[in-house]
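# Coordinate inspection notes
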Amino acid sequence: MTRDQRDLDELVKRLLADPANSDHPMHYALSQLWLAHRELLNRIERITHVSDAYQSIAREREMSLAERFDKQLRQLEKVARISDRYQQMMRELNIALEEASTHDVLTALANRRLLMERLKAETERAGRLQHDFCVAMVDIDHFKQVNDQHGHDTGDRVLIEIARVMQAEVREYDLCGRWGGEEFLILLPELDLASAQVVVERVRLGIRNLAIRQGTEALTITVSAGLAAHLPGESYSDTINRADAALLRAKQHGRDCLVLAS
Amino acid sequence: MSDFSIPRSQSTPAIQGNWSEGVLSMQGDSYPENSYELFHQVFEWVERFLQDAGRPLTLELHLLYLNTSSIKAMMDIFDLLEAAHHAGQPVAVNWHYDKRNERVADLAEEFKEDCTFPFAIVGF
C-alpha cells in the first residue's frame, strides 16, 4: 500500500468516526463506499492467494514430470544400449555359425558344403561366360599308415600342415577345401588344364618338401592328384568324377604324382 | 499363494514361480512378439509375492538372448526388487551364464549397474 493510499484510508476512517459528521448528507454514502472498497480489497487478496497456490501446484507437477521424464529417458538410453549389445552379440554368433557351417574344424579350409556351393556357382558362370575352370582332387598317400604308426594326433597335424601348404601355394582366388577324410579338392577358376597343372604341381611339390617333425624324425608326406578341366555343358559332379578317375590312375601309377583327366 | 509355470517356446523362455520357496526362475531366449502378454503375469506374480509372502525372493535367471521389449520388462522387474530392497525386504538375483559366452556376463553387468540389492553373475 502506498503512502497516499494509507493517508486517504486514515482520512476516511477519521471522517466517518467523527460524530460531528454523522448527520452530514454524504456520511451514509461514504460509509457504504468505504465498505464496498474494503470488500473489494479482501476479494483481490483472496484471488491472489488462490492464484499463487495454483501456480505452486503447477510448478510442483512440472518438476515431478521433469523428474519422471529424466528417469524414463535414462531407462530408454539403457534399454537401447543393452539392446545394441545383444544385437552385436547375435551378429558375432551368426558370423561364427556361418564360418562353422562352411569350414572344416580341423584344417580351417572350406568344407564340402562350401566347395559344392562354389562349384555350382562356378559351373553356372562358366556356362554363361564360356570361362574355363579346373578341379583337382588331392589325396594323401598312405595316410592310414601315418595314423597307425604315429597315432591320430600326428595324423591330424599332417592334415593341418598340408592344408597350410595348399593354401600357401594356390593362387588367391583358388579355393582349397577338405572333401573328406584325407582327400582335398582345389577349385581353380579361369584356368585351362595346362596352367592349372602348374599350380597343382606346385602344391604337390610343396607338400613333399614339407618336413613334419615327429619326435626325432621328420615325416615326409606325398600326395597323389587328379586334375580335370570343366567341359562345356558338363555338370560339376561329372568334372569331379573325371578328376577322381585321374586320381585313381595316379595311385595306380605308384602315387606321388599328378595325372590329367582325359 | 500360487505357483505358476510357463513352458518354453521357440521365442519365449521357460518361467517358473515357486511361491513356497520364494524362487522365480527363467531359462532360455526371449524374443516374443508380445512381451507385455508374457511378462505382465511375471510382473504381477513378483508384485504379489513382495506384498503378501513376507519371505525373501530370489530370481534364478538362465537367459541368453533378450529382445528390446524383454530388456525393458526385466528392468521393470528389477525396479520392483529395488523398491522392495529399499523397504527392507530381502531380494536377490542370480544371473547364470555359460562361461563359453562371456558377453552374456557383460550384459548382466549392464542390468546390475543400477541395482543395490544382491545381484550375482554366476558362470557355469
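Residues numbered from 1 in each chain as written. Chains lettered and ligands numbered in written order. Predicted model: local features only at pLDDT ≥ 70, side-chain atom pairs only at ≥ 80, totals over all residues.

When you go through chain A residue by residue, the secondary structure sums to seven helices and seven strands. Its helices and strands taken in sequence order, chain A reads α-α-α-β-α-α-β-β-α-β-β-β-α-β from the N to the C terminus. When the 262 residues of chain A are sorted by exposure, 24% land in the buried category. Counting contacts in chain A only where the partners sit at least 6 residues apart, residues at least 24 apart contribute 64% of the total. (Helix = DSSP H or I, 4+ residues; strand = E, 2+ residues; numbered from the N terminus. Buried ≥ 20, exposed ≤ 12 C-beta atoms within 10 Å, placed from the backbone. Contact = placed C-beta atoms within 7 Å.)

Bringing the overall build of chain B into the picture now. Of the regular secondary structure elements, chain B holds three helices and six strands. N-terminal to C-terminal, the α/β element order of chain B is β-β-β-α-β-α-β-α-β. The buried share of chain B, taken over its 124 residues, is 28%. Contacts in chain B between residues far apart in sequence, at least 24 positions, make up 65% of those at least 6 positions apart.

Right, let's talk about the sheet that holds strand β2 (residues 175–180) of chain A for a bit. All names here are of chain A. Spatial strand order, β2-β3-β1-β6-β7: five strands in an open sheet with mixed pairing. For this open sheet the edge positions go to β2 and β7 (258–260), each flanked by a neighbour on one side alone. On average, adjacent strands in this sheet sit at an angle of 20° to one another, irrespective of strand direction. Where strand β1 (residues 133–140) meets strand β6 (residues 223–229), seven bridges bridge the pair, whose relative direction is antiparallel. (Pairing = 2+ DSSP bridges. Axes fitted to C-alpha atoms, helices over the stretch in contact; angles between N-to-C directions.)

Turning our eyes to something else, we now look at the nonpolar core. Counting 47 residues, the largest nonpolar core has C134(A), A136(A), I186(A), A225(A), L227(A), A243(A) and A246(A) as its most contacted members. Contacts of A225(A), omitting those with residues within four sequence positions, involve A136(A), M137(A), V138(A), V200(A), R204(A), L247(A), A250(A) and L258(A). V42(B), L57(B), M74(B) and A108(B) belong to the second-largest nonpolar core, a separate cluster that totals 30 residues. (Core = buried A, V, L, I, M, F, W, Y, C linked by C-beta atoms within 7 Å.)

Right, let's talk about the interface of chain A and chain B for a bit. Note: interface size is frequently given as the accessible area lost on complex formation between the parts. Residue-level contacts link nine residues of chain A with nine residues of chain B. Among the residues making up the side of chain A that touches chain B, the classes are represented as five nonpolar, two polar and two charged. (Nonpolar A, V, L, I, M, F, W, Y, C, P; charged D, E, K, R; others polar.)

What follows covers the packing of helix α5 (residues 152–169) of chain A against helix α6 (residues 193–208) of chain A. Residues and elements named next belong to chain A. As a packed pair, α5 and α6 sit with axes 9 Å apart at the nearest point and diverge in direction by 145°. Regarding α5 and α6, the two cross each other, and that crossing is right-handed. Touching I162, V165, M166 and E169 of α5 are R202, V203, G206 and I207, all from α6. In terms of residue class, the contact of α5 with α6 is made up of five nonpolar, one polar and two charged. (Left-handed = near helix turned anticlockwise from the far one by under 90°.)

This part takes up the confidence of the model for chain B. All names here are of chain B. Here chain B shows a mean pLDDT of 92. Residues at 70 or above account for 99%. Mean pLDDT values over the elements of chain B span from 90, in strand β1 (residues 4–6), up to 96, in strand β5 (residues 91–97). Overall fold confidence (pTM) sits at 0.62, and the ipTM for the predicted complex is 0.84. (pLDDT = per-residue confidence, 0-100.)

To continue, consider the pairing of strand β4 (residues 211–214) of chain A. All names here are of chain A. In this sheet, strand β5 (residues 217–220) lies alongside β4 in antiparallel orientation, the contact comprising four bridges. Bridge pairing in β5 places R213 opposite A218. Following β4, the chain reverses through two residues before pairing antiparallel with β5; G215 in that reversal takes a positive phi of roughly 65°.

Turning our attention to the sheet that holds strand β4 (residues 57–66) of chain B. Residue and element names in this part refer to chain B. Taken together, six strands build an open sheet; the order of strands is β1-β2-β3-β4-β5-β6 and the sheet is mixed. Unpaired on one side and paired on the other, β1 and β6 (119–123) mark the two borders of the sheet. For this sheet, the mean angle separating the axes of adjacent strands, direction not counted, is 15°. Pairing of β1 with strand β2 (residues 14–18), which is carried by three bridges, proceeds in the antiparallel orientation. Residue pairing across strands places I6 opposite I15, the latter belonging to β2.

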